[in-house]
Amino acid sequence: MMQEKYTYRNLPIPGGGYVTGFIFHKKKEGVFYIRTDIGGVYRFAPESKRWISLIDHVTMEDLSETFPIALALDDKYPERLYIACGVNKEGAGVIAVSDDYGEHFSYYKIPILIHGNLNGRGTGYRLIVDKKDSNRLFYASQQEGLWISKDRGAHWEKKEAFPEDYLTMVGQSEDGTVLFVGCAGVTAKRGKNLRGHSMYVSYDNGESFEKLWQPQDGEMEGVKLAGLVAQRYALDEQYLYVTFSVMGRNAYVLENGYSCDGGSVIGGKVVRYPLLKTEEGTRFGQGEEITPDGKQKRTDLAEQEKNAEQRDTAEQNTDILEHGFGGIDTTPSIPGLVICSTISKEDGDCIFRSLDYGQTWKQILYDMEVGKLDFRASYMKPCYNGGHSLIHWMTDVKINPFNENEAWFNTGTGVFRTKNLLDAREVIFSDWCDGLEETVHLNLYSPPKGDVKLIDILGDLGGFAFRDLNIPCDNSFADAEGNRYITCINADYSDENPNFVVVTPRGNWKGKTKGGLIVSKDQCRTFERLPMPFGISVRLDEALRRIEQPNVNSGWVAVAPDCQKIVWSVAENINLPIDMVIVSQNGGESFESVQAYDLNGIRKEQGGFKVFSDRMNSNIFYGFGDHSDFYISLDGGKIFRQRALPIEANFPEVEFSLIDCANKTEVRGETGKQGVFYMALKEHGLWKLKYDVEKDDICVTKLSRKKDIFYRLGLGVLRPDGNYYKEDKAIYTSAVIDGVYGFYRSVDEGKTFVRLNGENQMFGEINSMEGDSQVYGRFYVATGSRGVLYGEQED
């Protein structure tokens, strides 16, 4: 098969996703990594000050590395990198091991579930290299206990001595004589609504464990599973520091609902444990609470356990903090310097700094009130976020061990750093996400006219309209006041008038925007939200009210070439029920219920229905169902009738009606032609559907060969200086052809393909592809892990 050399570049956003942790090498300057929840691992390049992705080799066939839960470095061998990752499948955990700073990896199985996008993903460290033996690794799993490897990750065994399964972190003293473990207290709960003890210590390398002191806690009104859970730790020459949080009242998960990504946390604590030097090695002394803004309390463990029953049934502590604590760090260059971060603080999260080992604290960042946030990425600016800071999920903070003035903190939308941490007046933090593209992109569109080169529909941030492929957009899709919409599901426009664009967004978390349908008449420069069409039916009214709540899927939309007829498949979570499809004949001013009938002429009330418009005829719409049922409307979307596909085509049974990341098909209507659709149907291959309205005839053709797998597809201009409206299209696809996964282009309806990428141009999960409608050879890749990219032929 022929292969062309391609160059790939990100359309810059940047940032956009949850960075779940940092790790510096303590002995070699410039070795610095981050892990993300869905975007793999990045290495920082000090020379260019950019983040370098370590997952560009990852394919759709195994996405384990895109979901890292833990990183580990070896103090003795700075080139070594260990990653614990996995795809949320029982017994399918992966340990990726590199001996060259992440340039190449060896892979080993660990027989447990690992997934970097589960709740609690911001805690750690979960994976460490033994200080005394570089072959030995410890791993604190998410829900299957403590594990150990004695051969650098090749083989693993569970440490049965540890009493808990749901863990949050593992660490060692610098001399390697103490092993400590944090857990979520699920296996040994103290009551129906109270977790078990969280901090444990071993002085015999994990053969036995004992409880380590922690502050008093108890059941809390409105909290489903109360009790302190250790979040993160840091060590200096005198103390071990640990942050704790309690599940919040708004938590929506149970066992793993111990960090901010589970909904909310409260009751935060910061504790320090003195490091005592003995003949046997390091030992922990009596712990004490050093919580910023909290009352410091100190009792010994024996007194706690003696009064445990009384404590567990005690009245609510009125002094409890209504937030948790997440990140904490120290630096060897300045004894006594400690920083820590709050999480789930309603009025804005904080960073505290101490110069006396946590005895006293100074607030150096508090929302936009204390310290300074200097936003470099335009969409992060408060003017696009309802006047508020978008900082959230600040579960990790780190000080550069070679520069005490440089510190970093994570968020749910990228990373920030300061270069003046010790400034006595004002500490300045800036987002620093250059090269970091961790957004989940769902659908792409290359309009055939206008100055927009790409409409990008994505999770969390909503949507972008790129007029320059190499410059970040000022803002994502927003209302007239600049308040952003979030997670959009799809967009549609008229090929004749692509200035008219309809989009299905979610309303943002602050309630400044609401979900539904938004319309642009200037190719995504400005948007107007259509009024919600209440009153059609009780079921639709309930769905529309849900959609007006923050972060709820709106559905899927199709617009006719005349820009007047709009069909909206209203969502129910990730489904598009056939009895919740509505149509407008007047550009969205009013809607009515769509009627759909099966092959026997009976009204359809059950099943799914995803709508597409004909690219040429404003009276024709198409519906794709949940069992390959196919519908056609000839009256502008009012009535759809199921049509039987030709038996001889042997068309497979496919679920077309899912949305968001659950959508595993890609359907493209062909511009310039009436009734023509291309479909990538994964293991079922690549198909073409043609509907001849004059003959009322449907033709379905499989374009691919047996055993070839087609994940995604897009259509682009056929040739240099070609006419996108009048000519056939080039097909771009992510596929397995002749047993080889890659990106491919065909200019002859799938008869032959040219491969367009190399082994380090895979980019993880691919959710959508699109060809450029105006530039031959250029195409776009919507990833679920590496942002959105475009590929171009090398000169």
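This text follows the structure it describes.
Description of the structure in this document. (Residues numbered from 1 in each chain as written. Predicted model: local features only at pLDDT ≥ 70, side-chain atom pairs only at ≥ 80, totals over all residues. Heavy atoms only, no water.)

### Remarks on the overall build of the protein chain
- Within the protein chain, the regular secondary structure consists of three helices and 58 strands.
- Burial status across the protein chain gives 64% buried among its 795 residues.
- Excluding contacts between residues fewer than 6 apart, the proportion of contacts in the protein chain whose partners are at least 24 apart in sequence is 55%.
- Looking at the protein chain as shown, the accessible area adds up to about 29500 Å², and 46% of this sits on carbon and sulfur atoms.
- Here the protein chain contributes 91 positive and 116 negative side-chain charges, whose respective centroids are spaced 1 Å apart. (Helix = DSSP H or I, 4+ residues; strand = E, 2+ residues; numbered from the N terminus. Buried < 20%, exposed > 50% of the residue type's maximum accessible area, 1.4 Å probe, protein only. Contact = heavy atoms within 4.5 Å. Areas by Shrake-Rupley, 256 points an atom, 1.4 Å probe, with all protein chains shown as cover. Lys, Arg positive; Asp, Glu negative; His and termini not counted. Charge placed at Lys NZ, Arg CZ, Asp CG, Glu CD.)

### Details of the nonpolar core
- In terms of nonpolar packing, the biggest core is built from 55 residues, with Y33, M199, L240, V242, Y273 and F284 touching the most fellow members.
- Among the elements that make up this core, the one with the highest residue count is strand β19 (residues 239-247) (five residues).
- Setting aside residues no more than four positions away along its own chain, M199 makes contact with M169, F180, V181, G182, E210, K211, L212, Q214, A230, V242, F244 and Y273. (Core = buried A, V, L, I, M, F, W, Y, C linked by side-chain atoms within 4.5 Å.)

### Observations concerning the pattern of salt bridges
- As enumerated under the stated definition, the model contains 47 salt bridges in all.
- Residue D99 pairs with R80 through a salt bridge whose shortest N-O separation is 4.0 Å. Of this pair, D99 sits in the loop between β8 (93-98) and β9 (106-110) while R80 sits in the loop between β6 (68-73) and β7 (81-85); the two residues are 19 residues apart in sequence, bridging distant segments of the chain.
- The partner of R719 in a salt bridge is E727, with the nearest N and O atoms 2.6 Å apart.
- Judged by relative accessible area, R719 falls into the partly exposed class, the value being 39%.
- With relative accessibility at 18%, the residue E727 sits in the buried group.
- Look at the salt bridges and you will find they share partners, linking R9, D772, R778 and E792 into a network. (Salt bridge = Lys/Arg side-chain N within 4 Å of Asp/Glu carboxyl O.)

### Focus on unusual backbone geometry
- The step from G124 to Y125 runs through a cis peptide bond, and the omega angle for that step is 5 degrees.
- By secondary structure assignment, the location of Y125 is in the loop between β9 and β10 (127-129).
- Positive phi, normally seen in glycine, also occurs at Y357, with a value near 65 degrees.
- Examined against the element boundaries, Y357 turns out to sit in the loop between β25 (350-354) and β26 (362-366).
- Its identity is not glycine, yet C563 carries a phi of approximately 65 degrees, on the positive side.

### So, the environment of G257
- Counting through the fold element by element, G257 comes out in the loop between β19 and β20 (265-278).
- Sequence spacing of G257 and K224 is 33 residues, and the spatial spacing of their C-alpha atoms is 9.4 Å.

### A few points about the pairing of strand β5 (residues 50-53)
- Side-chain alternation along β5 places W51 and S53 on a buried face and R50 and I52 on a face that remains uncovered.
- Relative to β5, strand β4 (residues 41-45) is paired through four bridges, and the arrangement is antiparallel. Bridged to A45 within β5 is R50.
- Counting the residues that bridge the hairpin from β4 to β5 gives four residues, and of these K49 lies at a positive phi of roughly 60 degrees. (Pairing = 2+ DSSP bridges.)

### Re the sheet that holds strand β31 (residues 428-431)
- The sheet built from five strands is open, its strands ordered β27-β31-β30-β29-β28 with mixed pairing. On the outer flanks of this sheet lie β27 (372-374) and β28 (397-399), each paired with one strand and no other. Averaged over all adjacent pairs, the angle separating strand axes in this sheet is 25 degrees, with direction ignored.
- Alignment of β27 against β31, held across three bridges, turns out to be parallel. Residue K372 lies in a different strand from β31, and its bridge partner there is I428. (Axes fitted to C-alpha atoms, helices over the stretch in contact; angles between N-to-C directions.)

### Here we look at the pairing of strand β33 (residues 454-458)
- Across the five residues that make up β33, a large majority, five, are buried.
- Alternating residues of β33 divide into L454, D456 and L458 and I455 and I457, and every residue in both groups is buried.
- Examined bridge by bridge, strand β32 (residues 441-445) and β33 share four bridges and lie antiparallel to one another. Residue pairing for β33: H441 is matched across the bridge by L458.
- Across five bridges, β33 lies against strand β34 (residues 462-466) in antiparallel orientation. Across the sheet, the residue bridging to L458 is G462, located in β34.
- Between the antiparallel neighbours β33 and β34 lie three residues, among them D460 with a positive phi of about 65 degrees.

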